[in-house]
Structure formats: structure tokens, C-alpha cells
Amino acid sequence: MSIRSLTAAALALLVSSVAAVPAAAHAPDAAADTVLAQTFAGTELTVALRHPERVPGPLRVDLIAHLPAAAVTIAVSVRPVTSDPVDAVTVSVERDTARTYPVELTVRGTGAHWLELRAPGEVSQLPFRVLVPRAGTAGWLATGAFAATGLLLACALAGAVTGRRALAGLLGGAGATAFVVAATVALLTATLPPAAPEGAALTGTAGPQGRPYAQARIRTEPATPAVGDEFTLRVELTDGSTGRPVDDLVPHHAALAHAVVTSLDGTAFHHVHPRRVAPGRLEVRLRAARPGPHVVTVEVERAESGGQLVSGRFEVTGDARTVAAPPLPQPLPGVPRDVVAGAPVRVEIDTGPGRIQPWLGMAGHLIVRDDAGAFLGHAHELASMNADAAGFAPPDDTVAAYGPTLRFAFTFPAPGRYLVWLQYVRDLRLVTVPYAVNVRAEPA
Amino acid sequence: MRPRTLTATVAVLVLTLLGLAALETARSAPEPLRLHGIGERYAATVRLDRARTGTVEADIAVERRDGAAADAVTVTVAAAMPAMGHVTAELPGRQVGPDRFHARGELFAMPGAWQLDIRVRTAAVVDVITVDVRVDNGGG
Ligand SMILES: [Cu+2]
């Protein structure tokens, strides 16, 4: 090999090695937001966590207060699951003021964390993971080998220029080998799945069947609340296979848990988002609006599993004559006079002037319960669902992006009378409209 | 290619392969595992001789999170695999020092993502400290 050709080869390799330094592997979802609804201190809050991309780094948290909102001072803190809080701030939520309260906290490490909200008598623990992308062993190896290529070839070049041909040849050969190693590793890495980001969960092996079902013990404190009083609804979830507390809930329709609490007669309705207060224990504070039997349905999703429903009942004591009369449910608009069981029906509701903001990632919800309180279903607004399916991230809760006409499709499973509640958000105020519909059997 | 160039090339290749092998060995070698977690009142540090199926030795140190002197406690350890719905029976911790316990027995039925439940019992409370542990039987 002549000096000139050696020099040319070394230069070519040097240039290509610089150009080919592999980009760090893309870590999945390392920077994705966690958005969770919480019923906290009497207010429907949306808690949006904007994850840090490095540690130590800033965790931005937006608390979006929906109306009606109670005045409350919330202590917001963050801690790894294995230690005490590492940062804390306080937020004063103003009474009946629809707005976003932004806070910034510092996280120091990766992995599983709790965002904790505290107010007098209430605590909420929201799970999230701090993930930081990492290149992995292969990435470091490729980077190292590319660096070695550069160094060796630069030395070879120097050797060639100063007339040390043997040394130049030796270094050139070594450099070429380093380049082959680097290129091979880089190419192989590109075809491998990216390294799990630092702080990722130990992935389980639940497989397609998912984790065991959860069972619930649903109680109130006090056991029989009196009408007009505040009480705590407590949901204790245990694993159907092990009997351990279920503490692996993941965001499902933008909350850890959705609870629908209705009086059996359908005159009281609460759709709330219980707080995680201890392993397997969820709580929410409610005010008993109507006396009589109440039905509770809670929707949750365990990690590596699908959604599931658990249910329970409780009794509110008191005299119906002492509380204000509830609004009478209206006929469900936009549906035919005859709704037939088993066939999907289209529901179209005009919500009046003004655009609508998303809540729980959707423009609107239709919550459906049968007369007996045994069946509970919900439908999502079609336009926002289409956007969701097309891969558009739902807009922030403050963006008035939808409506004013909301469209749903739903199949009533059996004949009978159904109670239907429409829920949507306008000007950050949660609006609930009760309807009723009679469903008849399909003609034989 | 000259003989010396060839020698250098082979040397670099061999060294690279040796390095890769060393990395891989270091990654998969069974080594003692130190796990830390907190419960409502207690913090626990568990040292496992290995996170594998079969008999495992666990050294458990507990302390009050508020820094107060520990109450008279009993400590047990049990394992669960949430993904599969597996749970293993509690192993009693034998007290080997102030706030230090030793347990020996089978904890993990199969490789995968497990959790250890360290149960600290005092006259007043039962505190459960749960820590994640990856059980990997590696090549052996
Ligand atoms: Cu909900």
C-alpha cells in the first residue's frame, strides 16, 4: 500500500466514522405526560405531569381546577416510592375559579414515584415513572469503537505523513477493524428494540390473559351516612389469586379509578375519581344528596390487563322531604320514539352555544344505568373518539375544541327503563344532564 | 495486507470479543442483591444472596422512619408475582441482631418480575414494605 493510498483510505474512514456516530436509541414514552383526574377536596382536578427528560430535573405539574371548585390549600410533593419526599410546594386553589395552577418540582432520580396531594383530612397518591433514555451497552460499545476508529486513524495519518509507514499500516489496520466492529454493532443495534429507558418498570409476564381480576370491598365511613352529610366512600381492592392488595392500577380513561355513585331511584348522581391513599385502598369524599339505597360502580385497570368493573351498595338514611327535589330526567333527545334493545342507537345532543373542552380525554360522556342498578355502561363522544383513534393527542383540558353538538352511539342490552347522564365541560365547568329512556324488546 | 497489519487486526478483534464476553458475564453473574423500601412506619433493607428460584437467604434490616428506637418487632418475608397471581408463604425472620433478621427458604417459583412483602409486626401495627425484585435464572 502506498503512502498516498493509505492516507486516502485513512481519511475516508475517519470521515465516515465521524458521520456514522450512532444517535442515542429512542426510548419509548420517556417524555410522555401522565394526565389523571382526581376528586380532591370537593373539586374535580385534572393533574397533568410533564415528565423531566433528565435527572435531576424539573417535573412540571398542572393542576386544572374544574367548577364547582372549593377553596383549599394543597401541599404538592414528590417522592420516590422508596423514600421520603424530595421536593414540595403549596398551591392555593380559589373558590369557584376555573383555572390552571402550574407548579414545578425537582426530581432527583429515575423510577417509580408518587406525586402526593395533601389537604386537611385528604391525601392522594398519584403514581408515575421518571424515565430517562439510555443508549445501552451496545450503544456505548458502538460509540467507543467509533471513537477508537477516529483516534487510531488520526494517528495512522500522522504516521503516514511523517513517513513511519510500518506504524501507519499497523494503526490503519487497527483503525479499520475498530470501524468494522463499530459499524457492525451500530447496524445490529438499529435492528434491536431500543434499550429500556432508565427507571422503566420490571416488565411482567402476564401474557395476553392479563393479571388476575380484582375484587372489591366497598364501604362508607360512617357506615350509613345521613342525607345532607359528608361521608367517605372507601374501595379496597384485592387480587383474586393472591388476596394481596391491588396496587398496580394504571391510568384508564385518564384516571386511576372512575366511580359512579347513584341513588337507586336515580335522583342522585356522582361521577368521581377516588384517591389512592394506601396499597389497594381508594377513597373519595361525597355529600349524600338523597336518602335511600345507593349503587357504586368502580372502573379500574391493572397493569398489563384490561379494564374491569367492581361494584357495591350502601344506604343513606334520612327523609326525602328534607332535601331539595331533584331535577326530573328529560327524554333522551335525538333518539327514535321506540328504542329497541340489542340494536345500536344514535344519540345526538345539542349542548347550546359555545365550544366544549375535553374531560378525561373526551368531548363528552354518556353514562347509562338500568332501573335496577345492575347494569352500568358508558359511551364516549364519537368525534373525539375518532381523533383519539387517529393518533392525535387529545388537547389539554383547557382547549375548547369540540361541540356544541355531541354525538354518541349506544346499544341498550335489554328492554326496560334506563337512566342516562350526559357529562361535558364548558368554561371548565362540569355539566351533568339527566335523561331517561324506555327501551322495548325487538319485535319477534 | 502485511503480516504486521494482519496481527494487529486479529489482536483488536480478539480483544473486542474478550471485552464483550466480560461484559456479558458481568451482567448475568448471580450476585447478592440489595433492595430498599419504605412502609407507613418502617423502612427495610433486604439483602438476598441471589434472586433465583430455589432456596434463598435473606438478610433483613428494619428501622423506624421517624428515627425513634425500634419497637419489639417480628419480621417475615413473602413473595408475590403480580403478573401471574403467584404468592409464596411467609418465611419467618430469625432475629440475629438489633433490628436485623435472617430468613431462609423458597421465595420465587419462576423467573420474572416479583415483589417481596416485608411484614413488620409490633404490638400496635402491621407495616408491609413492598419492594420489586427481578428474578433471573440467567444461563445457569
Ligand atoms: Cu371518570
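Residues numbered from 1 in each chain as written. Chains lettered and ligands numbered in written order. Predicted model: local features only at pLDDT ≥ 70, side-chain atom pairs only at ≥ 80, totals over all residues. Heavy atoms only, no water.

**Some remarks on the overall build of chain B**
Per the secondary structure count, chain B includes one helix and ten strands. Starting at the N terminus and walking to the C terminus, you meet the elements of chain B as α-β-β-β-β-β-β-β-β-β-β. Counting across all 140 residues of chain B, residues that qualify as buried make up 40%. Summed over its atoms, the accessible surface of chain B is roughly 7600 Å², and 56% of this surface lies on carbon and sulfur atoms. (Helix = DSSP H or I, 4+ residues; strand = E, 2+ residues; numbered from the N terminus. Buried < 20%, exposed > 50% of the residue type's maximum accessible area, 1.4 Å probe, protein only. Areas by Shrake-Rupley, 256 points an atom, 1.4 Å probe, with all protein chains shown as cover.)

**Topic: the coordination of the copper ion**
Residues and elements named next belong to chain A. For the copper ion, the full set of protein donor atoms is His 258 (ND1), His 271 (NE2) and His 273 (NE2), and the range of their distances to it is 1.9 to 2.1 Å. Counting gaps between the donor residues of the copper ion yields the pattern H-x12-H-x1-H. Exposure remark for His 273: the relative accessible area of 0% places this residue in the buried category. (Donors = N, O, S within 2.8 Å, 3.2 Å for Na, K, Ca; no water.)

**Things to note about the domain arrangement of chain B**
Taken domain by domain, chain B holds domain 1 (1-30) and domain 2 (33-135). Of note, the centres of domain 1 of chain B and domain 2 of chain B, computed from C-alpha atoms alone, are 42 Å apart. (Domains from an automatic or database assignment.)

**Overview of the sheet that holds strand β3 (residues 55-64) of chain B**
Residues and elements named next belong to chain B. Read across the sheet, five strands follow the order β1-β2-β3-β8-β7 without closing on themselves; strand pairing throughout is antiparallel. On the outer flanks of this sheet lie β1 (33-38) and β7 (94-97), each paired with one strand and no other. Taking each pair of neighbouring strands and ignoring which way they run, the sheet shows an average axis angle of 25°. Of the pairings in the sheet, the one linking β3 to strand β8 (residues 100-106) comprises seven bridges and is antiparallel in character. Counted as the bridge partner of Ala 58 is Ala 103 from β8. (Pairing = 2+ DSSP bridges. Axes fitted to C-alpha atoms, helices over the stretch in contact; angles between N-to-C directions.)

**Notes on the confidence of the model for chain A**
A residue-level look at chain A finds 87% of positions with pLDDT of 70 or above and a mean pLDDT of 86. This model gives residues 17-28 of chain A a pLDDT under 50, and the stretch forms 18 contacts once residues within four places in sequence are excluded. (pLDDT = per-residue confidence, 0-100. Contact = heavy atoms within 4.5 Å.)

**Considerations on the pattern of salt bridges**
As a working rule, side chains carrying opposite charge can pair if their charged atoms are close by. The final tally for this structure, using the stated rule, is 29 salt bridges over all chains. Here Asp84(A) and Arg65(B) are joined by a salt bridge, their closest N and O atoms 2.3 Å apart. With Asp84(A) in the loop between β4 (72-80) and β5 (87-93) and Arg65(B) in the loop between β3 and β4 (74-81), the pair connects residues from two separate chains. For Asp248(A), the salt bridge goes to Arg302(A), with nearest N and O atoms at 2.9 Å. Within this pair, whereas Asp248(A) is found in the loop between β10 (230-239) and β11 (257-263), its partner Arg302(A) is found in the loop between β15 (292-301) and β16 (307-316), the two being separated by 54 residues in sequence. Each member of the pair, Asp248(A) as well as Arg302(A), is classed as buried. Ionic contacts of the salt-bridge type, sharing partners, join the residues Arg211(A), Asp239(A), Asp248(A), Arg302(A) and Glu304(A) into one network. (Salt bridge = Lys/Arg side-chain N within 4 Å of Asp/Glu carboxyl O.)

**Quick word on the nonpolar core**
All names here are of chain A. Counting 50 residues, the largest nonpolar core has Leu 115 and Leu 117 as its most contacted members. Each of domain 2 (28-130) and domain 3 (214-322) contributes no fewer than three residues to this core. Not counting residues up to four positions away in its chain, the partners in contact with Leu 115 are Val 47, Leu 49, Leu 59, Val 61, Val 76, Ser 77, Val 78, Leu 105, Ser 124, Gln 125, Leu 126 and Phe 128. (Core = buried A, V, L, I, M, F, W, Y, C linked by side-chain atoms within 4.5 Å.)

**A look at the side chain of Thr242(A)**
Mapped onto the secondary structure, Thr242(A) falls in the loop between β10 and β11. Separated by 3.2 Å, the side chain of Thr242(A) and the backbone nitrogen of Arg244(A) make a polar contact. Setting aside residues up to four positions removed in sequence, Thr242(A) forms contacts with Gly85(B), His86(B) and Val87(B). (Polar contact = N/O pair within 3.5 Å; in protein donor to acceptor, adjacent residues only side chain to side chain.)

**Description of the interface of chain B and chain A**
Residue-level contacts link 30 residues of chain B with 30 residues of chain A. Between chain B and chain A, roughly 2300 Å² of surface is buried when both sides are summed, and carbon and sulfur atoms account for 62% of that area. It is Ile38(B), Pro82(B) and Ala83(B) that lose the most area in chain B upon contact with chain A, and together they represent 20% of the buried surface on that side. At the boundary of chain B with chain A, the tally comes to three residue pairs in polar contact (both at pLDDT 80 or more). For the side of chain B that touches chain A, the secondary-structure elements that each account for two or more residues are α1 (3-28), β1, β4, β5 (86-87), β9 (112-121) and β10 (126-135) of chain B. (Buried area = accessible area lost by both parts, 1.4 Å probe.)

**Some details on the side chain of Thr262(A)**
All names here are of chain A. Tracing the sequence through the fold places Thr 262 in strand β11. Thr 262 sits in the buried class, given a relative accessible area of 1%. At 2.8 Å, the side chain of Thr 262 forms a polar contact with the side chain of Arg 369. In this structure Thr 262 touches Ala 268, Phe 269, Pro 293, His 294, Val 295, Arg 369 and Trp 421, once residues within four positions along its chain are discounted.

**Some points on a nonpolar patch on the surface**
All names here are of chain B. On the surface, a nonpolar cluster with roughly 480 Å² of combined accessible area is contributed by Leu 6, Val 10, Val 14, Leu 15 and Leu 18. As for its position among the elements, Leu 18 is in helix α1. Overall, Leu 18 belongs to the exposed group, its relative accessible area being 55%. (Patch = residues over 30% accessible without salt bridge, like charges linked within 9 Å, V, L, I, M, F, W, Y side chains within 5 Å.)

**Observations regarding the environment of Asp84(A)**
Take Asp84(A): its relative accessible area is 39%, and that puts it in the partly exposed class. Non-local contacts of Asp84(A), meaning those with residues more than four positions away in its chain, are made with Arg79(A), Ile38(B) and Arg65(B).

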